[in-house]
Amino acid sequence: MTVSESTLPRVAARPRPIRMRLAMTLAAYGGLAIATCLLAPLVGSTPISFTRVFDRSIPFVDNVDAQIFFVARMPRVLAGAVVGATLAAAGVVLQALLRNPLATPFTLGVSAGAALGAILVISFGGALTLGPLSPVPLASLGGAFVAGAIVYALATRPGRAMSTSILLLAGVTLNAFFSALILFVQYMADFTDAYRTLRWMMGDLDVGSFGPIVGTLPLVVMAFLIFAALPSSLNLLSVGSDIAATRGVDVGRTQRLAFVGSALATSAAVSLAGPIGFVGIVVPHLVRLMTGVDHRIVLPASALFGASFLVACDLVARTILAPVEVPVGVVTAMLGGPFFLWLLIRRG
Amino acid sequence: MSLTVEHVSFKYDAHHAAGAFALHDVSVAVQRGSLTGLLGPNGCGKTTLLRLMAGVLQPDQGEVALNGRSLRGIPRRELARQVAVVPQETHPAFDYSVLEMTLMGRHPHLGVFELEGPDDIAIAQDSLAATGTAHLASRPYATLSGGEKQRVVIASALAQSPDVLLLDEPTASLDLAYQLEVAALMARLNRDRGVTMVLATHDLNLAASLCDSLVLLRAGRVLAQGPTRGVLTGALVQQLYNVEADVRFHEAAGHLTVVPIRRSP
């Protein structure tokens, strides 16, 4: 946050150059993310030793600690990092696109589409696989793309800026519609399937191996390549679309890229781990409190902090009631819900 | 530098009220270094004309040209280095600082992945100084008063280093003191920096005190245009607003003043 003016009366700010702020942010949040990803796999039902994990003198086949670290726990931690980073980044981009700090990656209806796809396959079966993607993630990707395409088609008109109010309304409506369909499918399904769909809706980072992560990686990489070009345009877009246009921003193109990028990111995250709520809103707001609101800082910082945040939440999820595991979506919501309310009270 | 609008017609599409805010065959020539006022009743097309001049909208017919070059052929960033806009009100969705808001004016001068350097910061601080807001640089924009906000947005537009500044009712939401303050600022920037300005306003006395030429718009057409003294007359004010007004030179103020008397029957 900026320094309160009351402590600096009539003194021109001596701002820290953006390059230095960016470097410091990347170092701090990057360091935190790496540390979290290296420390989280150490914690679990079987205690393992960090030095033993990285002890090169023991062959991997004999090093049980390293096997637990890399094979049993690391995929889950990495899934948390990827999902946390994509949801937080998508949240930042959507909040700027919609000029609404309360938007989340799920505002677009993409996640409800993904959920419907996943739940249809869970309830009615399906055996299609594509590379490392099994039927459920594949169906949720399909559902996400269908939902994204519907919202996109409604909100855009050739040669004109995107209507962010239609984007918001279409997303919210689609969310409600798909949620109703999901309830209907659950109601029609038998108890086992209904439980499985319920469990899927709570979010789960236990992906089992690196395969599913690799499967969604192309989408995640595409999303982040798109995001990389956006931050300074998002700054201006969040000030106003006319201002942005007259400062040299191609408003229509920026809006389309922001939408497509966040839809890809959300689809990838939801297909990998189910709809994990609150990451996309809590993380950007926490980061803004710490770094200020410049998107060139907030976007990378949120991605890195989102990774740390979700890995940490998942650590809580699998240890707090061990051996019983709390769904990670429940943990993020229980942390995120009260925080969100606090933000609203603070805004009021 | 000259900005010309030649036989421009424009209509918003069917989603807007039929014919509202449309322009019909409008021609305006803004001379280099001039301060031109756009006057007219609500819905006459002032803002639309400004948005066409800024290249935000494209005319259906006719052409807007900068130095004889059609805006259609000028890339967005290049245009933004020459023409800057100050909207009526600016409400950022996030809590940017005054300096951050001002630095956004450097956007058209930077590459996609380029971050602003010391030169850009110097230009931003110079723009803040020119608008008397340098001491506010580290303040969150949202905490400023209306007049301070408007001066910061003008500073942000100045940071674009433009030749032309388009202002849409920049004093509309300000009290009398701030109106005078912003008016003085505009006069100073026009005089000292040679910035050509086009100003849409409802404030006839502001236009009379500031502008060297006026364009009167009614129902999307040019009713009259020319030097302020020639155009700001009781007869034209009556035609423009349907209001009888007393227009006379005010010795103390040093410019024409307009006192509305009554609505014409």
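I will try to describe carefully the structure that is included in this document.

So, how was this worked out
Residues numbered from 1 in each chain as written. Chains lettered and ligands numbered in written order. Predicted model: local features only at pLDDT ≥ 70, side-chain atom pairs only at ≥ 80, totals over all residues. Helix = DSSP H or I, 4+ residues; strand = E, 2+ residues; numbered from the N terminus. Buried ≥ 20, exposed ≤ 12 C-beta atoms within 10 Å, placed from the backbone. Pairing = 2+ DSSP bridges. Axes fitted to C-alpha atoms, helices over the stretch in contact; angles between N-to-C directions. Contact = placed C-beta atoms within 7 Å. Expected span 1.5 Å × (residues − 1). Bend = angle between axes of the 7 residues up to and from the residue. Nonpolar A, V, L, I, M, F, W, Y, C, P; charged D, E, K, R; others polar. Right-handed = clockwise from strand over helix to strand, strands pointing away.

## Brief notes about unusual backbone geometry
Its identity as a non-glycine residue notwithstanding, A:Arg99 has a phi of 50 degrees, on the positive side. Mapped onto the elements of the fold, A:Arg99 is located in the loop between helix 3 (64–97) and helix 4 (110–124). Among the residues examined, A:Arg99 registers 19 C-beta atoms within 10 Å and is labelled partly exposed. Positive phi, normally seen in glycine, also occurs at B:Asn67, with a value near 50 degrees.

## Some points on the sheet that holds strand 7 (residues 164–168) of chain B
Backbone hydrogen bonds hold the strands of a sheet together, and the pairing may be parallel or antiparallel. Residues and elements named next belong to chain B. Read from one edge of the open sheet, six strands run 6-7-8-3-9-10, paired in mixed fashion. Whereas interior strands pair on both sides, the edge strands pair on one side only; in this sheet they are strand 6 (83–86) and strand 10 (221–227). Averaged over all adjacent pairs, the angle separating strand axes in this sheet is 15 degrees, with direction ignored. Strand direction decides the pairing type here: strand 7 and strand 8 (residues 196–200), joined by five bridges, are parallel. By the bridge assignment for strand 8, Leu 167 is matched with Leu 199. Of the strands in this sheet, strand 6 and strand 7 are in contact with helix 5 (residues 146–158), which crosses strand 6 at around 170 degrees.

## Focus: helix 8 (residues 211–228) of chain A
In an α-helix, one full turn covers 3.6 residues, which means residues spaced three or four apart are oriented alike. Residue and element names in this part refer to chain A. Taking 1.5 Å as the rise per residue, helix 8 with 18 residues should run 26 Å; its terminal C-alpha atoms sit 26 Å apart, in good agreement. By the largest-angle criterion, Leu 217 marks the main kink of helix 8, which is about 40 degrees, and a proline, Pro 218, follows within four residues. Those residues of helix 8 not exposed but buried are Pro 212, Ile 213, Gly 215, Thr 216, Leu 219, Val 220, Ala 223 and Phe 227. Residues of helix 8 that are buried sit in contact with helix 3, helix 5 (135–155), helix 11 (251–273) and helix 13 (295–319).

## Topic: the sheet that holds strand 5 (residues 69–70) of chain B
Residues and elements named next belong to chain B. Strand order across the open sheet formed by four strands is 2-1-4-5, with antiparallel pairing between neighbours. Pairing within the sheet leaves two strands with one partner each, and these edge strands are strand 2 (23–30) and strand 5. Two elements, strand 1 (residues 3–10) and strand 4 (residues 61–66), share five bridges in a ladder whose sense is antiparallel. Bridge pairing in strand 4 links Val 5 to Val 64. Along the sheet, helix 1 (residues 46–53) contacts strand 1, strand 2 and strand 4; its crossing angle with strand 1, the most-contacted strand, is approximately 120 degrees.

## Description of the interface of chain A and chain B
At the junction of the two partners, chain A supplies 32 residues and chain B supplies 33 residues. Secondary structure elements with two or more residues in the side of chain A that touches chain B: helix 1 (18–39), helix 9 (231–237) and helix 10 (241–246) of chain A. When residues of the side of chain A that touches chain B are assigned to their parent elements, the largest contribution, four residues, is made by helix 10 of chain A. Tallied by class, residues from the side of chain A that touches chain B come to 15 nonpolar, eight polar and nine charged.

## Examining the pairing of strand 8 of chain B
Residues and elements named next belong to chain B. Taken across its five residues, strand 8 has five buried, putting it largely inside the fold. Judged by which residues are buried, strand 8 turns out to be covered on both faces: Thr 196, Val 198 and Ala 200 on one side and Met 197 and Leu 199 on the other are all buried. As judged from the four bridges shared by strand 3 (residues 35–39) and strand 8, these two strands associate in the parallel manner. Residue pairing in the sheet places Leu 38 in a bridge with Ala 200 of strand 8. With helix 6 (residues 176–193) bridging strand 7 and the parallel strand 8, this β-α-β connection has right-handed handedness.

## Some details on the environment of B:Val85
Structurally, B:Val85 is set in strand 6. According to the C-beta neighbour criterion, B:Val85 is buried, with 26 such atoms within 10 Å. Along the primary structure B:Val85 and B:Val164 are separated by 79 residues, whereas in three dimensions their C-alpha atoms are 8.5 Å apart. When neighbours within four sequence positions are excluded, B:Val85 is seen to be in contact with A:Asp242, A:Thr246, B:Ala54, B:Ala157 and B:Leu166.

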